[in-house]
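Secondary and tertiary structure notes
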Amino acid sequence: MVNAIIGLLISCDIPMTEFIICLNSDRPPEKFIVQVLDSTHMFVQPNVAEQILHQIDEFRNKITYEKPA
């Protein structure tokens, strides 16, 4: 019997894949990664897409240098 799962395919570079895997490991009771397909693709639960995007935006803002005025 085949089991089908609704999900979201994420395609990104290797550092971002590692960041998302780290986010997943920080949430022990509710893991959102269904399957890591390769180093640049993963299949995740669709209900966490906005949370992942928000965490990525926060991370990028934290590591971006802004020249002082």
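Look a little higher up for the structure.
Residues numbered from 1 in each chain as written. Predicted model: local features only at pLDDT ≥ 70, side-chain atom pairs only at ≥ 80, totals over all residues. Heavy atoms only, no water.

What follows is about the nonpolar core. Of all hydrophobic cores here, the largest spans 13 residues; its most connected members are Ile10, Ile20, Phe32, Val44 and Ile52. Among the elements of the structure, α1 (14-25), β3 (41-44) and α2 (49-63) are those that each provide at least two residues to this core. The element best represented in this core is α1, accounting for four residues. In this view, isoleucine 52 contacts Ile10, Ile20, Phe32 and Val44; residues no more than four positions away in its chain are not counted. (Core = buried A, V, L, I, M, F, W, Y, C linked by side-chain atoms within 4.5 Å. Buried < 20%, exposed > 50% of the residue type's maximum accessible area, 1.4 Å probe, protein only. Helix = DSSP H or I, 4+ residues; strand = E, 2+ residues; numbered from the N terminus. Contact = heavy atoms within 4.5 Å.)

On to the pairing of strand β2 (residues 33-38). As paired elements, β2 and β3 share four bridges and run antiparallel to each other. Considered in β3, the bridge of glutamine 35 is made with phenylalanine 43. The hairpin turn running from β2 into β3, its antiparallel successor, is two residues long. (Pairing = 2+ DSSP bridges.)

Time to look at the packing of aromatic side chains. Counted by the stated rule, this structure contains one aromatic pair. With 4.4 Å between their ring centres and 25° between their planes, phenylalanine 19 and phenylalanine 59 make a pair best called stacked. Here the residue phenylalanine 19 occupies a position in helix α1, and phenylalanine 59 occupies one in helix α2, the gap between them amounting to 40 residues. On the basis of relative accessibility, which here comes to 16%, the residue phenylalanine 19 falls in the buried class. (Phe/Tyr/Trp six-rings, centres within 6.5 Å; stacked < 30°, edge-to-face > 60°.)

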